[in-house]
Amino acid sequence: SFMQGSKLEIPLWLAKGLHDSKRRIVSVELPKIYKEAWRTVFSADANVVDLHKMGPYYYGFGSQLLNFDNPENPEIAQTILQTFISRFRRIMDSSQNAYNEDTSALVARLDELERALFRAGQRGLNDFQRWEKGQASQITASSLVQNYGKRKFTDTDG
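Below, the structure is looked at part by part. Since the structure is predicted, the reported quantities are computational estimates derived from the model, not experimental observations. (Residues numbered from 1 in each chain as written. Predicted model: local features only at pLDDT ≥ 70, side-chain atom pairs only at ≥ 80, totals over all residues. Heavy atoms only, no water.)

A short note on the environment of Gln78
- Relative to the assigned elements, Gln78 resides in helix H5 (residues 73-97).
- Taking relative accessible area as the criterion, Gln78 reaches 42% and is therefore assigned partly exposed.
- For the pair Gln78 and Arg39, spaced 39 residues apart in the sequence, the C-alpha separation amounts to 9.4 Å. (Helix = DSSP H or I, 4+ residues; strand = E, 2+ residues; numbered from the N terminus. Buried < 20%, exposed > 50% of the residue type's maximum accessible area, 1.4 Å probe, protein only.)

Quick notes on helix H4 (residues 58-65)
- Regarding H4, the residues found buried are Tyr58, Tyr59, Gly62 and Leu65. Taken down its axis, H4 places every buried residue within 120 degrees of arc, on the same side.
- Close packing links the buried residues of H4 with helix H2 (36-45), helix H3 (51-54), H5 and helix H7 (112-132). (Arc of directions from axis to C-beta. Contact = heavy atoms within 4.5 Å.)

Digging into H5
- For H5, with 25 residues, the first-to-last C-alpha span of 36 Å sits near the 36 Å given by 1.5 Å per residue.
- Most pronounced at Arg87, the bend in H5 amounts to some 30 degrees.
- Looking at H5, one finds that the buried residues are Asn73, Ile76, Thr79, Ile80, Thr83, Arg87, Ile91 and Ser95.
- In this structure, the buried side of H5 is in contact with H2, H3, H4 and H7. (Expected span 1.5 Å × (residues − 1). Bend = angle between axes of the 7 residues up to and from the residue.)

Points about the packing of H4 against H5
- Put simply, H4 and H5 touch, their axes get as near as 10 Å, and they point 160 degrees apart. It follows that H4 is roughly antiparallel to H5 by the angle criterion. Crossing handedness for the pair H4 and H5: left-handed. Judged by residue contacts, Tyr58, Tyr59, Gly62, Ser63 and Leu65 of H4 engage Asn73, Thr79, Ile80, Thr83, Phe84 and Arg87 from H5.
- Of the residues in the contact of H4 with H5, the class split is five nonpolar, five polar and one charged. (Axes fitted to C-alpha atoms, helices over the stretch in contact; angles between N-to-C directions. Parallel < 35°, antiparallel > 145°, perpendicular 65-115°, else oblique. Left-handed = near helix turned anticlockwise from the far one by under 90°. Nonpolar A, V, L, I, M, F, W, Y, C, P; charged D, E, K, R; others polar.)

Section: a nonpolar patch on the surface
- A cluster of nonpolar residues, Phe2, Leu8 and Ile10, forms a patch on the protein surface that exposes about 320 Å² of accessible area.
- Owing to a relative accessible area of 52%, Leu8 belongs among the exposed residues under this scheme. (Patch = residues over 30% accessible without salt bridge, like charges linked within 9 Å, V, L, I, M, F, W, Y side chains within 5 Å. Areas by Shrake-Rupley, 256 points an atom, 1.4 Å probe, with all protein chains shown as cover. Salt bridge = Lys/Arg side-chain N within 4 Å of Asp/Glu carboxyl O.)

Points about the pattern of salt bridges
- Per the stated rule, a full pass over the model turns up seven salt bridges.
- Between Glu29 and Lys35 there is a salt bridge, with the nearest N and O atoms lying 3.3 Å from each other.
- Judged by relative accessible area, Glu29 falls into the partly exposed class, the value being 48%.
- Classification of Lys35 as partly exposed rests on a relative accessible area of 32%.
- Several salt bridges converge on common partners, so that one network encompasses Lys7, Glu29 and Lys35.

Listed below in structure tokens is the structure:
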């Protein structure tokens, strides 16, 4: 049993269930990275923050927090969006300019969404460079197209 006013860390899914529109069994306190002090840091220079250390799912978790009726939701949403915008260019630039370089220090500071973007950027660069060198695989017709052509010829034979 818990006393009223007790503070607990519980999973997000549980907090959502206990804080729905019908019953307000719990109140939700913002994690520190979404509070005003950190929002000020993000607005100054979001690129200096180690998002992975602060929470590896900063964007996803932050967007889920917006489901709770917090008066700071508009500011939280704006900070999440601006953080993404300001970090996106650096992430993509780094993914395109780090060919055959050790990028582990950069990637270690990224949120999971940002890591996926970085990997996608590097895949695109690698695919482009292979294509440029003539190492890309040949484009071939899909099996559906090949089978359609075979069926068409057998229909005209009869």
